[in-house]
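# Report on the structure
Read off the chains here:
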Amino acid sequence: MTAVHDPTATRDADATLLAGRYGSTPRTAPQVTDVIRQQLAHRSVRSFRPDPVPEPAVEAIVAAAQSAPTSSNLQTWSVVVVRDPDLKDRLAALSGDQEFIRQAPVFLVWLVDFARIAQVADRHDHGLEGADYVESALVGFVDVSLAAQNASLAAESLGLGTVFVEAARNNPEELAAALQLPGRVVAAFGLAVGHPAPSESSRVKPRLPQTAVVHHERYQEHTQLPAVDEYEQTIRAFYEGEGLAHSWIDRVLARFGTVAGLNGRDRIGEALRNRGFDLR
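Presented here is an overview of the structure given in this document. Values in this document were obtained by computation on a predicted structure and should not be read as measured data. (Residues numbered from 1 in each chain as written. Predicted model: local features only at pLDDT ≥ 70, side-chain atom pairs only at ≥ 80, totals over all residues. Heavy atoms only, no water.)

### Looking at the overall build of the protein
To keep it simple, the criterion reads: Here a strand is any run of E in DSSP of at least two residues, a helix any run of H or I of at least four, and the numbering for each starts at the N terminus. Put simply, the radius of gyration uses C-alpha atoms, and a globule should come to 2.2 Å times the residue count raised to 0.38. Remark: exposure states derive from per-residue accessible area (1.4 Å probe, protein chains only) relative to the maximum for the residue type, with buried under 20%, exposed over 50%, and partly exposed in between. Contacts were defined at the residue level, with two residues in contact if any of their heavy atoms lie within 4.5 Å. Each accessible area is a Shrake-Rupley result for a 1.4 Å probe, and residues are judged covered by the shown protein chains and nothing else. For this count, His and the chain ends are skipped, Lys and Arg are scored as positive, and Asp and Glu as negative. Note that the charge is assigned to NZ on lysines, CZ on arginines, CG on aspartates and CD on glutamates.
Scanning the protein for helices and strands turns up 12 helices and four strands. For 280 residues, the compact-globule estimate of 2.2 N^0.38 gives 19 Å, and the C-alpha radius of gyration of the protein, at 21 Å, lies within 12% of that figure. Classification of the 280 residues of the protein by burial places 38% in the buried group. Partitioning the contacts of the protein with sequence separation of at least 6, the portion at a separation of at least 24 is 76%. Carbon and sulfur atoms form 54% of the exposed surface of the protein, whose accessible area is close to 16000 Å². Measuring between centres, the 27 positive side-chain charges of the protein sit 2 Å from its 35 negative side-chain charges.

Below is the structure:
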């Protein structure tokens, strides 16, 4: 028997997804596709079952990553697939000592990679002066970010859970040594991947209202603080539901208010130079 499509049920389900993403029912009904539904349902997973992630799944995830846009087709990124428990333990210790890194069956370390281009230049006895500018490093970080987001969405479409780990930048040189990275290669972030544990109960976290991030024709500075105040109430209610007492404003000020809030990442410029990125 063919299933009967119920447009009302679909609209209600989509409205629920959007309400979860913004903390309130949307005023209008945006166009939603299966891909957008997958994106709206994204949540970070920090508790994993021990079940392995099959190699064909990893290959599909990487294929999705390589399908992301890349500036001028330069493809200035690579990824290290880490399954070894001892190595994951070392990487966890260097990345905020977060237990879910050890627990996840696969930890993907996403790299800004100019070593490959350097090898090509050396083979052709060609200079690489253009790689030593901040612009080129930005190309690498943008490329790898787009690729990794594609990978995360692909993993979720396979029923897996993911969480990004920016703390992989806490100790860039030590992490590079652990992964035996050559010069001109640096870790941008990690991505833990695995089957969510039954106890995993994280909910979709509300984001800022679109009035904060969408500007039509010109930047509208006057919309910022009212939108932030609205969001502060939304995110406080969300965290209270999680049994937490958090404030988005407090979090922003704690991160950017002092150098200490960067958790050692104030050294990134120095670390990039140490890794062979002679930035100008």
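There is more to say after this.
### Some words on the pattern of salt bridges
Note the threshold: Salt bridge, as used here: a side-chain nitrogen of Lys or Arg that lies within 4 Å of a carboxyl oxygen of Asp or Glu.
Taken as a whole, this structure holds 17 salt bridges when the rule is applied. Between aspartate 51 and arginine 49 there is a salt bridge, and its shortest N-O distance comes to 3.1 Å. The exposure class assigned to arginine 49 is partly exposed, which follows from its relative accessible area of 30%. The partner of arginine 267 in a salt bridge is glutamate 270, and the shortest N-O contact between them spans 3.4 Å. Linked by salt bridges that have partners in common, Asp89, Asp97, Glu99 and Arg102 make up one network.

### Section: helix α8 (residues 172-179)
Definition in use: In this description, one arc is meant: the one made by directions from the helix axis to the C-beta atoms.
For α8, the set of buried residues is Pro172, Leu175, Ala176 and Leu179. Angular distribution of buried residues about the axis of α8 spans 105 degrees; they occupy a single face of the element. Residues of α8 that are buried make contact with β1 (77-82), α4 (85-94), β2 (106-113), β4 (185-194) and α12 (268-274). Following α8 by one or two positions, glutamine 180 has its phi on the positive side, about 55 degrees.

### Quick notes on the environment of arginine 49
Operational definition: Polar contact is defined as a pair of N or O atoms within 3.5 Å, subject to the rule that within protein one atom must be able to donate a hydrogen and the other to accept it, and that residues adjacent in sequence are counted only when both atoms are side-chain atoms.
Structurally, the position occupied by arginine 49 is in the loop between α2 (34-40) and α3 (55-66). Separated by 148 residues in sequence, arginine 49 and alanine 197 have C-alpha atoms that sit 4.7 Å apart. Ignoring anything within four residues of it in the chain, the contact list for arginine 49 reads Pro105, His195, Pro196, Ala197 and Pro198. Among the polar contacts made by the side chain of arginine 49, one reaches the side chain of aspartate 51 at a distance of 3.1 Å.

### A word on the packing of aromatic side chains
Cut-off, in case you're wondering: Any Phe, Tyr or Trp ring, taking Trp's six-membered ring, that has another such ring centre within 6.5 Å forms a pair; planes under 30 degrees apart are called stacked, those over 60 apart edge-to-face, and the others tilted.
Under the counting rule described, the total for this entry stands at five aromatic pairs. With centroids separated by 5.6 Å and ring planes inclined at 85 degrees, the aromatic side chains of tyrosine 231 and tryptophan 248 adopt a geometry described as edge-to-face. Within this pair, whereas tyrosine 231 is found in helix α10 (residues 224-241), its partner tryptophan 248 is found in helix α11 (residues 248-256), the two being separated by 17 residues in sequence.

### Remarks on the packing of α3 against helix α7 (residues 134-157)
As a reminder of what qualifies: Each axis is a line fitted through C-alpha atoms, taken for helices only over the stretch in contact, and angles between the N-to-C directions span 0 to 180 degrees. For classification, angles of less than 35 degrees are called roughly parallel, those exceeding 145 degrees roughly antiparallel, those between 65 and 115 degrees roughly perpendicular, and all remaining angles oblique. Left-handed describes a crossing in which the near helix is turned anticlockwise from the far one by less than a right angle; the clockwise case is right-handed.
At their nearest, the axes of α3 and α7 sit 7 Å apart, and the two run at 140 degrees to each other. The angle between α3 and α7 places the two elements in the oblique class. Pair α3 / α7 crosses with right-handed handedness. Here Ile61, Ala64 and Ala65 of α3 come into contact with α7, specifically with Ala147, Asn150, Ala151, Ala154 and Ala155.

### Considering the sheet that holds β2
Definition in use: Only strands that DSSP links by at least two bridges are regarded as paired with each other.
Taken in spatial order, the four strands line up as β1-β2-β4-β3 in an open sheet, and their pairing is antiparallel. The sheet terminates laterally at β1 and β3 (161-165), the two strands that pair on one side only. The average undirected angle you get between the axes of adjacent strands in this sheet is 25 degrees. As paired strands, β3 and β4 are joined by five bridges and run antiparallel to one another. Looking at the pairing, valine 163 lines up with alanine 192 of β4.

### What to know about α3
So the rule is basically this: An expected span of 1.5 Å times one less than the residue number is assigned to each helix.
Here α3 is 12 residues long and its end C-alpha atoms lie 16 Å apart, about the 16 Å a rise of 1.5 Å per residue gives. Buried within α3 we find Ala57, Val58, Ile61, Val62, Ala64 and Ala65. Looking straight down α3, one finds its buried side chains confined to an arc of 155 degrees; they lie on one side. In α3, the exposed positions that point more than 90 degrees away from the buried face belong to Pro56, Glu59 and Gln66.

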